[in-house]
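Structure assessment
What follows is each chain in one-letter form.
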Amino acid sequence: MTAAKTYTAQFTPTTNKYKIEFVNYDGTVLQSSEIEYGTTPTYDGDEPTKDATAEFTYAFSGWDSEIESVTADATYTAQFTPTTNKYKIEFVNDDGAVLQSSEVEYGTTPTYDGTTPTKTATAEFTYTFSGWDSEIESVTADATYTAQFTPTTNKYKIEFVNYDGAVLQ
């Protein structure tokens, strides 16, 4: 037998890696990678987006938590700031002339703040404003309201006169 020997185990350290995901508001994975412990991950993809709705347009505002050095698996979720959409609301006269035009936020009920619409009388009729062509409702899209008028038949005084100017009837 030979002399006793001591053998010491040698180890090569391997830095642990953790799964880091960046996901959109709906859970769609935008970027996924294995990142070494102690490293601060970065998002290298396109800026996250969220489709606009009739009511809101969305702007990316950051992630749901501060991005920190890796110590475990982590998921960062995109956050968005909503902006209420505005729509073009017009009030027009029956001839199409714009009486009032404005941008009004979704869900707001517009009001007409101008003077009462008018329509030029004809030999047969005098016109009185009677309202708009449809009920004014909360804004959900661009809209045009057209002035409506009620006609009243004009009356005329008819006189029959004699040759000397005397009124006969």
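In what follows, the accompanying structure is described. Keep in mind that what you see is a predicted model, and the values were worked out from it rather than measured.

Bringing the sheet that holds strand E8 (residues 143-153) into the picture now. Whenever strands of a sheet pair, they do so through backbone hydrogen bonds, lying parallel or antiparallel. Read from one edge of the open sheet, four strands run E6-E5-E8-E7, paired in mixed fashion. Both edges of this open sheet fall to strand E6 (98-105) and strand E7 (125-132), since each of them pairs with a single strand only. The average angle at which neighbouring strand axes cross in this sheet is 25°, direction not considered.

Once that is clear, we can look at the nonpolar core. Core analysis: the largest hydrophobic core is formed by 11 residues, namely Tyr-87, Ile-89, Phe-91, Val-104, Tyr-112, Tyr-127, Trp-132, Val-139, Tyr-145, Ala-147 and Phe-149. Those elements that place two or more of their residues in this core are strand E5 (86-92), E7 and E8. Excluding anything up to four places from it in sequence, Phe-91 contacts Ala-97, Val-98, Leu-99, Gln-100, Thr-111, Tyr-112, Trp-132, Ile-136 and Tyr-145. By size, the runner-up hydrophobic cluster in this structure holds nine residues, among which are Ile-20, Trp-63, Tyr-76 and Phe-80.

Bringing a nonpolar patch on the surface into the picture now. On the surface, Tyr-156, Ile-158, Phe-160 and Leu-168 cluster together into a nonpolar patch covering about 500 Å² of accessible area. As for its position among the elements, Phe-160 is in the segment after E8.

Cut-offs used in this document
Residues numbered from 1 in each chain as written. Predicted model: local features only at pLDDT ≥ 70, side-chain atom pairs only at ≥ 80, totals over all residues. Heavy atoms only, no water. Pairing = 2+ DSSP bridges. Helix = DSSP H or I, 4+ residues; strand = E, 2+ residues; numbered from the N terminus. Axes fitted to C-alpha atoms, helices over the stretch in contact; angles between N-to-C directions. Core = buried A, V, L, I, M, F, W, Y, C linked by side-chain atoms within 4.5 Å. Buried < 20%, exposed > 50% of the residue type's maximum accessible area, 1.4 Å probe, protein only. Contact = heavy atoms within 4.5 Å. Patch = residues over 30% accessible without salt bridge, like charges linked within 9 Å, V, L, I, M, F, W, Y side chains within 5 Å. Areas by Shrake-Rupley, 256 points an atom, 1.4 Å probe, with all protein chains shown as cover. Salt bridge = Lys/Arg side-chain N within 4 Å of Asp/Glu carboxyl O.

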